[in-house]
Amino acid sequence: MKRLILLGTGGTIAGASAHAADVDGYTPAALTVEQLLASVPHGQALQPIETEQLFQIGSEDMTPAHWCTLAQRTQALLERDDVAAVVITHGTDTLEETAWFLQLVLRSAKPVVLVGAMRPATAPDADGPRNLADALLLVRSPEAQYRGVLVVMGGTIFSAHDVTKRFAGRIDAFTAGAAQPLGRIENHHLEFFALAPLHLEEPLPLADTLPAVEIVYGYASDSRVAVDALVQAGVQGIVYAAPGSGTLSVTMRAALCDAVARGVSVVRASRTGAGRVRAHTHEADDARLFISANSLNPQKARILLMLALAAERDRGNAPRGQEVAYPTHLTTHLTMDVTRIQQLFDRLG
Ligand code: SIN
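Residues numbered from 1 in each chain as written. Predicted model: local features only at pLDDT ≥ 70, side-chain atom pairs only at ≥ 80, totals over all residues. Heavy atoms only, no water.

1. Brief notes about the sheet that holds strand E3 (residues 83-89)
If you walk across this open sheet you meet the eight strands as E2-E1-E3-E4-E5-E6-E9-E10, and the pairing is mixed. A strand with exactly one partner marks an edge of an open sheet, and here the two such strands are strand E2 (49-57) and strand E10 (189-192). Each adjacent strand pair in this sheet contributes to an overall mean axis angle of 20 degrees, direction not counted. Two strands pair when backbone bridges link them, and strand E6 (residues 156-159) and strand E9 (residues 183-186) are joined in this way by two bridges, in the antiparallel orientation. Bridge pairing links Ile157 to Gly183 in E9. (Pairing = 2+ DSSP bridges. Helix = DSSP H or I, 4+ residues; strand = E, 2+ residues; numbered from the N terminus. Axes fitted to C-alpha atoms, helices over the stretch in contact; angles between N-to-C directions.)

This is the structure:
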């Protein structure tokens, strides 16, 4: 019988406190993934499970380097003939980012499911064991194949594309935003609502290093300090989390235009939490200068931009970061870059 792999990365699901009643003052990433598996009734019974502790951190400490290591390890495991699926335990704070990164780079039809918990493992009403049991049930289902990377929390199944942590402390912290969840698990019964496979036929290449892309948060202001400082620091991309549907104040437009002119790729996203950002057709230059995030939130738009810029770089296209004249003498190269990356956002975002 093929085996399941349980990869541990830490988080509250592996959290422990000295006093069981203390659900705030706990140490995250304290228990091993083997200990987590032991807390799942009959976790091992149906199928052999191999455990591996890849990291032992809170997910606020996840970095692009961790994503690359995790993706390489997961890909290697998925390529093993004796492996049926991979479950990854993860802190909830940046779980959606790791899930989205893996969704974009993994090449396999086998199920990959990320799972976390809102309460530490030592809490009397810990949600981790149930969530982990649900994840193990989910990856065993033939229906979980060709679905891309999935997340299960509180009995709800989400796609990596849609899932986001909406509430800081609620037990049902996750939502699919403007989309619907993919399915539910109730009392060990699994039901998918959405039929469409979410598996990528052509994942993005997994680079060893990722370009520096930062997020600038938009709010009522006439300051351009953050954008100018990032450009000065040499970032290759900026995602602007605009207050609405990607709108830019006069000051922000000027700052971001200057960033583009310095070779920085700029994505317009929205801080609202749901909905699409499309090219502003009433602003003639916008589609040539800026990439629109489509329905990706800023943190996921950042990941797609990082991978897109890495692919451009590894394809041998001229590195960004050169001075180009703005606005009347934009080079064809710059416009082609924006068009090619926009096509990715239109297809995947
Ligand atoms: C973390 O993201 O590692 C801490 C919070 C959590 O797991 O819920």
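That shown, we press on.
2. So, the domain arrangement of the chain
We note that the domain assignment places domain 1 (3-192) and domain 2 (213-348) within the chain. Averaged C-alpha coordinates put domain 1 and domain 2 at centres separated by 32 Å. Each partner contributes residues to the interface: domain 1 has 14 residues there, and domain 2 has 13 residues. Across the interface of domain 1 and domain 2, roughly 1,100 Å² is buried in total on both sides, 67% from carbon and sulfur atoms. At the junction of domain 1 with domain 2, the criterion picks out zero salt bridges. Where domain 1 packs against domain 2, one counts seven residue pairs in polar contact (both at pLDDT 80 or more). (Domains from an automatic or database assignment. Contact = heavy atoms within 4.5 Å. Buried area = accessible area lost by both parts, 1.4 Å probe. Salt bridge = Lys/Arg side-chain N within 4 Å of Asp/Glu carboxyl O. Polar contact = N/O pair within 3.5 Å; in protein donor to acceptor, adjacent residues only side chain to side chain.)

3. A look at the site of the ligand
Around the ligand sit Gly11, Thr12, Gly58, Ser59, Glu60, Gly91, Thr92, Asp93 and Ala117, and that is every residue in its neighbourhood. Within the backbone of Thr12, an N or O atom sits 3.0 Å from an oxygen atom of the ligand. For the ligand, whose free accessible area comes to 250 Å², the fraction covered by protein is 92%. In this structure the site holding the ligand corresponds to the second largest pocket. Considered class by class, the residues forming the shell around the ligand number one nonpolar, six polar and two charged. (Near = heavy atom within 4 Å. Areas by Shrake-Rupley, 256 points an atom, 1.4 Å probe, with all protein chains shown as cover. 1 Å grid on protein atoms, 1.4 Å probe; cavity = no way out; pocket = protein on both sides within 12 Å on 5 of 7 lines; lining within 4 Å. Sits in = over half its atoms within 2 Å of the grid points. Nonpolar A, V, L, I, M, F, W, Y, C, P; charged D, E, K, R; others polar.)

4. Quick word on the nonpolar core
Inside soluble globular proteins, nonpolar side chains tend to come together where they are buried. With 59 residues, the main nonpolar core has Phe101, Leu104, Leu114, Leu210, Leu304, Leu305 and Phe345 as its most contacted residues. What Leu210 contacts, discounting residues up to four positions off in sequence, is Pro64, Trp67, Cys68, Phe101, Met306, Leu307, Ala310 and Arg313. Core analysis: the next-biggest nonpolar cluster, separate from the first, contains 28 residues, Leu6, Leu138, Ala144 and Ile157 among them. (Core = buried A, V, L, I, M, F, W, Y, C linked by side-chain atoms within 4.5 Å. Buried < 20%, exposed > 50% of the residue type's maximum accessible area, 1.4 Å probe, protein only.)

5. Side note on the sheet that holds strand E12 (residues 237-242)
With parallel pairing, the four strands of this open sheet are ordered in space as E11-E12-E13-E14. Each end of this open sheet is capped by a strand with a single partner; those strands are strand E11 (213-217) and strand E14 (290-292). Between one strand axis and the next, the sheet turns by 25 degrees as a mean value, whatever way the strands run. Alignment of E12 against strand E13 (residues 265-270), held across six bridges, turns out to be parallel. Bridge pairing links Tyr240 to Arg268 in E13. Relative to the sheet, helix H5 (residues 225-233) contacts E11 and E12, its axis offset from that of E11 by approximately 170 degrees.

6. Details of the environment of Ser292
Relative to the helices and strands, Ser292 resides in strand E14. Under the relative-accessibility criterion, Ser292 is labelled buried at 3%. Each C-alpha atom, one on Ser292 and one on Asp346, is 8.3 Å from the other, the two residues being 54 residues apart in sequence. Ignoring anything within four residues of it in the chain, the contact list for Ser292 reads Val267, Arg268, Val277, Arg278, Ala279, Gln342 and Phe345.

7. Structural notes on the pattern of salt bridges
In total, this model carries 15 salt bridges according to the counting rule given. Two residues, Asp134 and Arg130, come together in a salt bridge whose shortest N-O distance is 3.5 Å. Pair noted here: Asp134 and Arg130 are both in helix H4 (residues 128-140), with a separation of four residues, about one helical turn. Classification of Asp134 by relative accessible area gives buried; the value is 3%. A salt bridge links Asp258 to Arg224; the shortest N-O distance between them is 2.8 Å. Separated by 34 residues along the polypeptide, Asp258 in helix H6 (residues 250-261) and Arg224 in the loop between E11 and H5 bring together distant segments of the chain. By relative accessible area, Asp258 is classed as partly exposed at 35%. Each of Arg3, Glu50, Arg80 and Asp82 takes part in a single network of salt bridges with overlapping partners.

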